[in-house]
Amino acid sequence: MKKDDCTCTQNSSPFWSGGFSRRRFLQIAGTSLMASYFPDVLNAGLLESATTAAPLLQNSAKNCLLIFLAGGISQVDTFDLKEGSWTPPALAPATAGSVRWPQGLFPKIGQHLDQLALIRSGLAWAAVHPLAQKWAQIARNPSGATGGIAPHIGSVVALEAQLHRRSTDVLPGFVALNGTVAGAGYFPASNGPFAVQAAQSGLAALTHPDGASRLTKRWNLLNALDDARKSGELGSDSADMADYYDEGKALIDSPDVNALFTFSSEERTRYGASVIGDSLIVARNLLAADKGTRFVQVTDTNWDHHSNIYGTTGISLLTKGKAFDDALGALLSDMSTRNGSTPGKTLLDETLVVVLGEFGRTVGPITPNGGRDHYLRMSVMLAGGGVRGRRVIGRTNADGSAVAEFGWSANRDVRPEDITATMYSALGIDYTTVRHDDPLNRGFEYVPFAKDGTYSPVKELF
Amino acid sequence: MRALVALLALLTSFVAAAQDCTYDPARVAGPRQVMRRLSQTAEAVAPSSSHRRTSTAPAPPKYPIRNFIDTEVFGLMERDGIAWTSISSDEEFLRRVTVDLTGQIPDAATVRAFLADTSADKREHAIDRLLHSEEYVDRWTLWLGDLVQNVQSASNTILFEEGRDPYYFWMRDSIRANKPYDQMVREMLATDGGSFHDGPANYVVRQWQNNGPIQDTYDNLSAHSGEKFLGVTINCLSCHNGLGHLEQVNPSLVKRTRQEFWRNAAFFAQITLKNANSDDDYEWKVGTNPAGSYQLNTTSGNKTVRAPTQQQSSPVLPAFLLTGETPKDGENRRVAYARMLTAHPQFARATVNYLWKEIFGMGLVEPADNFDLTAQDTQPTHPALLAHLAEWFAASGYDIRALLRLMVNSSAYQLSSRYTPGAWQESYTRYYARHYPRRMLSESVLDAVARATNVPISIRVPLIEEPFTRAMALPDTREPFVPQRTPNPYKTILDTFGRGDRDTNARTREGSIAQALEMLNDPVITTRVKTRIDTLLASTHDPGAIADELYLATLSRKPKDAERAAAIAYLQDGDLKANAEDLQFVLINRLEFLFN
């Protein structure tokens, strides 16, 4: 058997923490998953005809930054703090207005509570990593009717943003740092996530290994020799590729663009000198540049704390939390002081920041393994893009095991679909849109069942 | 003088051969409908009168009718007045057929030998050589692996490498041995065993639904087998009837009901699927419980409520969706389903259509997963051809190698990808008036870079001893499967060229800016360029020889005279090594490297 020779991390999904055995995966997969996909009130009749609920579009943001805490951040130690004998002193809970905040874990983020909103009545659909991550990123059941063709939320945003693209918009509409679990789906590939690994020296994809002048020489020779680029004799797909080459070359040649991906050691240190820190620097730069990027996803892994959750070394909530706090704290500071593209607005005003994982973690005392396991109840943290600070949507009971108040007009759990509708509404995208250009010829909903009001934006955030 | 006589004799014999062309419009079978049902992706075809050749346009060249594919394809173009292009050159043909059958480009020595070969049947011999190569096994294992989504883990299930690998090796062995495809499908549908030992048992494991009742798994099996083995997307019926939903999706499913879907799924309701769930034993055991049944008693999971109605009591008894046939007395349900499915003509039709699509770029029915069973005279672009191919395939014993051989030997396949009769219209695409150029698959791109530069790749896959030297041979589309930010030099290029994840992200040949950046800036390419030139310059400094070798190895052809002159001029202008590297780099970035 290979379980003990680190093939867990090698062979597991990149979003599982080290030490998590396959057995645990199945155990978790086999239990706690009887979440009802369709609430009791729904019957098949509703599938047949939908009355259109007038969509509520906030139109308060230009951009969206999704920070995806892969593995599932523990909500009862962070955004929905529940204190007990298990709470390590390092969390240092403190009262801040109406919330208890883990001031020891998130001191820097805690300085921005005036700008932060929390949803505590969130509920994931599945406690399985790949399924729940995909669900959150495509806003529907991956095993459902359109699961196989659905684009990432960011691709929808990129496609919609095409309508407003200016000649100065040279960057891809959707950029993803550290991976996504969905791509462009059936949308044109140009709306897919443009993959970036943040590095101080810049974006490898934009750097010719043999030097810029060498590339220029080669580029000139290529265009001199390659008749097919002028004649189109190899068909329309090849003509598209020729266009992509030209667009790519423009990115390579633009000093402005390259500058967006580089940063100084000083800056790096300020953001905590970590993967998440580097990634948020680049995310900030891309959005601040206002060159066409409208949706950025930054994935941060290793939040799957089945064990060592309160450890002071290794992968733990405390070590991950410190890095996250340094990074997000710096980001919120920067974004709230930088000018946006509209006079009088900051970059944070124009950017909806959404922080979540694919599900939550078990409540109460920690497990015999020293951690918390998968749990459907979860929290979401939001800022910017019109979101009102110090707003808490929903309330759970004393230990967090059940919801006490949903906290919004829909009076039910907040689902990934609702979060997506919220993002689209903030960006001025009609979340009830049904496209009729899908390969199934069935119709593709931006948010399934949004047309009949089954899912909707959490307007109480605004 | 003697040489001239010999040459004349040779030319005369060629002319004579051309006059042997046996094209005869009367041999085109069957009447045609003038109006055709439009496929999703092809543009509208104007009424045929606007495509009639004028009397001043030259007649398109005649080609040997090699088999009934040519009869039908050229026949339809004749009928509709579509001019077809010239036949491919030897260079164009060899590269294309090598890529299409094996996923690899031919190496320079093979190209040279083929060009020098004067035998009349050299194309047929090249085809047979390719069909019996190990690289052929790579390519069609990849095809089947995509079709059944063999992957280590997915959003709904997990095979583990220990399951994925035997499944992969079973596919390779079956394809190498040319096992009848119907037998392969029956094995996938009906094998009981341990997933780490009995490869095809992983078909069932792949469809396990990890977040719902077991009926969701039975539904997945019914839906997947319907889609991929019968070419009909029946998944919609797993939640609701066709009426009121599928009118725009598939007219042949409008009158079908959810109950019928359940009856189809009931064939899978005696499966047992167990996992001991321990660190020492996590193999899936696929078995049969003769007392199992499809109960209508679910209120959660991934489908709408399952409950008995007046029309359908619980449990649901099995009946094959396409025929209503039920299992024989005492017959194992999955064996029964496998028997019925593979015997049904739609199995052959769907399969030949999938394979046709791989070779010709678009299916005779598009989308290939969505046959309208009530419109088989009009939905296919060539209805008689599809019918004939399906019958032929079934009669051959579902012989994949033979079918591929038939297709690539046709003149229709061997038409050039350049269109010379006039201005190309996209509406000609569905006539196969040219071989429509398309981008190589992701794995082929990486393998082509390695082969052109003669610097192999090496990818280690855990649990498999030998490292992989061809990306086309990788056991799934997520290898190398590395944790976040662990560098693997091959992962970026493979993922960027769209090989998909065999889960919810389908493989695509679509382009992107990221792909262009890969071709320009990936060190996987630039380091190989350097190594390649170092080696080449050790054997020659002659610019002409360098140009020839680079063209042959990279683009599978000799440089045209103007290209050769330009290359020589470039090579001689300054540092030979740097210039040769530039030339090699540029040839890899020419559009015809990726598109053929």
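Residues numbered from 1 in each chain as written. Chains lettered and ligands numbered in written order. Predicted model: local features only at pLDDT ≥ 70, side-chain atom pairs only at ≥ 80, totals over all residues. Heavy atoms only, no water.

Undergrad: Honestly, the overall build of chain B in this entry has me stumped. Any pointers?
TA: When its secondary structure is counted, chain B shows 24 helices and three strands. Per-residue burial for chain B yields a buried fraction of 62% across its 596 residues. Considering only contacts within chain B whose residues lie at least 6 apart along the sequence, 70% involve residues at least 24 apart. Of the roughly 21900 Å² of accessible surface on chain B, 55% is carried by carbon and sulfur atoms. (Helix = DSSP H or I, 4+ residues; strand = E, 2+ residues; numbered from the N terminus. Buried < 20%, exposed > 50% of the residue type's maximum accessible area, 1.4 Å probe, protein only. Contact = heavy atoms within 4.5 Å. Areas by Shrake-Rupley, 256 points an atom, 1.4 Å probe, with all protein chains shown as cover.)

Undergrad: Any chance you could explain the pairing of strand β1 (residues 63-69) of chain A here in plain terms?
TA: Side-chain direction in a regular strand flips from residue to residue, so the side chains alternate between the two faces of the sheet. Residue and element names in this part refer to chain A. Where burial is concerned, most of β1 is hidden: seven out of the seven residues are buried. As defined by bridge partners, β1 adjoins strand β7 (residues 295-300) across six bridges and the pair is classed as parallel. Paired with I67 across the strands is V298, a residue of β7. (Pairing = 2+ DSSP bridges.)

Undergrad: Honestly, the nonpolar core in this entry has me stumped. Any pointers?
TA: One recurring pattern in soluble globular proteins is that nonpolar side chains are buried together. Counting 122 residues, the largest nonpolar core has I67, F324 and L328 of chain A together with F593 of chain B as the members making the most contacts within it. Looking at this core, the element that brings in the most residues is helix α13 (residues 317-337) of chain A, giving nine residues. Counting only domains with at least three residues in this core, you end up with domain 1 (41-202 + 263-461) and domain 2 (203-260) of chain A. Of all hydrophobic cores here, the second largest spans 119 residues; its members include M77, M188, A368 and Y428 of chain B. (Core = buried A, V, L, I, M, F, W, Y, C linked by side-chain atoms within 4.5 Å. Domains from an automatic or database assignment.)

Undergrad: I would appreciate a short explanation of the interface of chain B and chain A in the present structure.
TA: One frequent convention defines the size of an interface as the accessible area lost when the parts assemble. Across the contact, 81 residues belong to chain B and 87 residues belong to chain A. Roughly 7400 Å² is buried in total at the junction of chain B and chain A, and carbon and sulfur atoms are behind 58% of that figure. The interface formed by chain B and chain A contains nine salt bridges. Taking the shortest distance from any N to any O, the salt bridge between E581 of chain B and R214 of chain A comes out at 2.9 Å. (Buried area = accessible area lost by both parts, 1.4 Å probe. Salt bridge = Lys/Arg side-chain N within 4 Å of Asp/Glu carboxyl O.)

Undergrad: Before we go on, may I ask you to explain the side chain of E358 of chain A in this structure?
TA: Residue and element names in this part refer to chain A. Here E358 is to be found in the loop between β8 (351-356) and β9 (360-361). One buried charge, E358, has no salt-bridge partner; the nearest side chain with opposite charge is R361, at 6.9 Å. At a separation of 3.4 Å, a polar atom in the side chain of E358 contacts the main-chain amide nitrogen of G72. At a separation of 2.7 Å, a polar atom in the side chain of E358 contacts the side chain of Q133. Excluding residues within four positions of it along the chain, E358 makes contact with F68, L69, A70, G71, G72, A124, H129, A132, Q133 and M378. (Lys, Arg positive; Asp, Glu negative; His and termini not counted. Polar contact = N/O pair within 3.5 Å; in protein donor to acceptor, adjacent residues only side chain to side chain.)

Undergrad: Just to check I follow, could you spell out the packing of helix α12 (residues 275-289) of chain A against α13 of chain A for this structure?
TA: Each packed pair of helices is defined by two parameters, the angle between the axes and the distance between the axes. Residue and element names in this part refer to chain A. Where α12 meets α13, the closest approach of the two axes is 8 Å, and the angle between their N-to-C directions is 20 degrees. Here α12 is positioned roughly parallel relative to α13, judged by the angle of their axes. Crossing hand, α12 versus α13: right-handed. Contacts from I276, G277, L280 and R284 in α12 reach A323, F324, A327, L328, L331, D334 and M335 in α13. The class makeup of the residues in the contact of α12 with α13 is eight nonpolar, one polar and two charged. (Axes fitted to C-alpha atoms, helices over the stretch in contact; angles between N-to-C directions. Parallel < 35°, antiparallel > 145°, perpendicular 65-115°, else oblique. Left-handed = near helix turned anticlockwise from the far one by under 90°. Nonpolar A, V, L, I, M, F, W, Y, C, P; charged D, E, K, R; others polar.)

Undergrad: Help me understand the sheet that holds β8 of chain A, please; the structure alone is not making it clear to me.
TA: Note on sheets: strands pair through backbone hydrogen bonds, and any given pair is parallel or antiparallel. All names here are of chain A. Pairing in this open sheet of eight strands is mixed, and the strands run β6-β5-β7-β1-β8-β11-β4-β12 from one edge to the other. Edge positions in the open sheet fall to β6 (194-196) and β12 (391-393), since each of these has one partner strand only. The mean angle between the axes of side-by-side strands here comes to 15 degrees, regardless of whether they run parallel or antiparallel. Relative to β12, strand β4 (residues 116-123) runs parallel, the two sharing three bridges. When the bridges of β12 are listed, I119 appears paired with I393.

Undergrad: Can you help me understand the sheet that holds strand β1 (residues 193-194) of chain B in this one?
TA: All names here are of chain B. Pairing in this open sheet of three strands is antiparallel, and the strands run β1-β3-β2 from one edge to the other. The open sheet has two edge strands with one neighbour each: β1 and β2 (271-275). When β1 meets strand β3 (residues 284-288), the two strands line up antiparallel, connected through two bridges. Counted as the bridge partner of G194 is K285 from β3.

Undergrad: Is there a simple way to explain the domain arrangement of chain A in this structure?
TA: All names here are of chain A. Looking at the assigned domains, one finds that chain A contains domain 1 (41-202 + 263-461) and domain 2 (203-260). Computed from C-alpha atoms alone, the centre-to-centre distance between domain 1 and domain 2 is 35 Å. Residue-level contacts link 13 residues of domain 1 with eight residues of domain 2. Applying the counting rule to domain 1 against domain 2 returns zero salt bridges. At the level of secondary structure, the elements contributing two or more residues to the side of domain 1 that touches domain 2 comprise β6 and α12. The greatest single-element share of the side of domain 1 that touches domain 2, amounting to four residues, is contributed by α12. Its residues assigned to classes, the side of domain 1 that touches domain 2 comprises seven nonpolar, five polar and one charged.

Undergrad: What should I look at first to understand the environment of S88 of chain B in this one?
TA: Residues and elements named next belong to chain B. Position of S88 among the secondary structure elements: in the loop between α2 (68-80) and α3 (90-102). Classification of S88 as buried rests on a relative accessible area of 2%. S88 sits 273 residues away from G361 along the chain, and the two C-alpha atoms are 16 Å apart. Engagement of the side chain of S88 in a polar contact is seen with the backbone oxygen of Q414, the distance being 2.6 Å.

Undergrad: Looking at this model, I keep getting lost on unusual backbone geometry. Mind explaining?
TA: A negative phi angle characterises most non-glycine residues, just as the trans form characterises most peptide bonds. Along the chain, S314 of chain B connects to P315 of chain B via a cis peptide bond; the corresponding omega equals 0 degrees. With respect to the secondary-structure elements, P315 of chain B resides in the loop between β3 and α12 (333-343). With an omega dihedral of -15 degrees, the bond running from E479 of chain B to P480 of chain B counts as a cis peptide bond. Inspection of the secondary structure puts P480 of chain B in the loop between α17 (442-453) and α18 (491-496). Positive phi outside glycine occurs at D290 of chain A, with the angle close to 50 degrees. Checked against the element boundaries, D290 of chain A lands in the loop between α12 and β7.

Undergrad: In this structure, what is going on with a negative patch on the surface? I would like to understand it.
TA: On the surface, a cluster of negative charge is made up of D237, D240, D243, D246 and E247 of chain A together with E426 and E510 of chain B. Mapping D237 of chain A onto the fold places it in helix α9 (residues 236-253). You can call D237 of chain A partly exposed: its relative accessible area is 38%. (Patch = residues over 30% accessible without salt bridge, like charges linked within 9 Å, V, L, I, M, F, W, Y side chains within 5 Å. Charge placed at Lys NZ, Arg CZ, Asp CG, Glu CD.)

Undergrad: How should empty space enclosed by the protein be read in this particular structure?
TA: The method is simple in principle: a probe with the dimensions of a water molecule rolls over the atoms, and the space it marks as empty is what remains. Throughout the structure, instances matching the rule amount to twelve cavities of 30 Å³ or more. The volume enclosed by the largest cavity comes to roughly 140 Å³. Residue lining of the largest cavity: 16 residues in total, with A136, L356, M378, P416 and I419 of chain A positioned closest to the centre. Those elements giving two or more residues to the lining of the largest cavity turn out to be β4, β11 (377-383) and α14 (416-426) of chain A. Along the lines of polarity and charge, the residues of the lining of the largest cavity split into eleven nonpolar, three polar and two charged. By volume, the second largest cavity is sized at about 100 Å³. What lines the second largest cavity is a set of 13 residues, and nearest its centre among them are V99, D100, R438, L441 and R509 of chain B. Considering only residue class, the lining of the second largest cavity consists of four nonpolar, three polar and six charged. (1 Å grid on protein atoms, 1.4 Å probe; cavity = no way out; pocket = protein on both sides within 12 Å on 5 of 7 lines; lining within 4 Å. Points joined across faces, edges and corners; volume = space filled by probe spheres on them.)

Undergrad: Got a minute to help me understand the pattern of salt bridges in this structure?
TA: Close approach of charged atoms lets side chains of opposite charge pair. Within the structure shown, the criterion is met by 80 salt bridges over all chains. Sharing partners across several salt bridges, the network here consists of D210, R214, K217 and R218 of chain A together with K530, D534, K577, E581 and D582 of chain B.

Undergrad: Whenever I open this one, the packing of aromatic side chains confuses me. Can you help?
TA: All names here are of chain B. If you walk through the whole model with that rule in mind, you get 41 aromatic pairs over all chains. With a centroid separation of 5.0 Å and 75 degrees between ring planes, the pair formed by F74 and W84 is classed as edge-to-face. With F74 in helix α2 and W84 in the loop between α2 and α3, the pair connects residues that are ten residues apart, well separated along the chain. Taking 4.8 Å as the distance between ring centres and 55 degrees as the angle between the ring planes, the aromatic pair formed by W208 and W284 counts as tilted. On the criterion of sequence distance, the pair formed by W208 in the loop between α9 (202-206) and α10 (214-230) and W284 in strand β3 is long-range, its members being 76 residues apart. W284 matches W208 in its accessibility class, with the two residues each being buried. Here the aromatic residues W140, W143, Y181, F347, F393 and Y398 are joined through ring pairs into a cluster of three or more. Sitting over the ring of F114, K122 keeps its end group 4.7 Å from the ring centre. Here the basic side chain of R434 rests over the ring of W424, its NZ or CZ set 4.7 Å away from the ring centre. (Phe/Tyr/Trp six-rings, centres within 6.5 Å; stacked < 30°, edge-to-face > 60°. Lys NZ or Arg CZ within 6 Å of the ring centre and 35° of its normal.)

Undergrad: What am I meant to see in the pairing of β3 of chain B here?
TA: Pairing of β2 of chain B with β3 of chain B, which is carried by five bridges, proceeds in the antiparallel orientation. Opposite I271 of chain B, over in β3 of chain B, you have T288 of chain B as the bridge partner.

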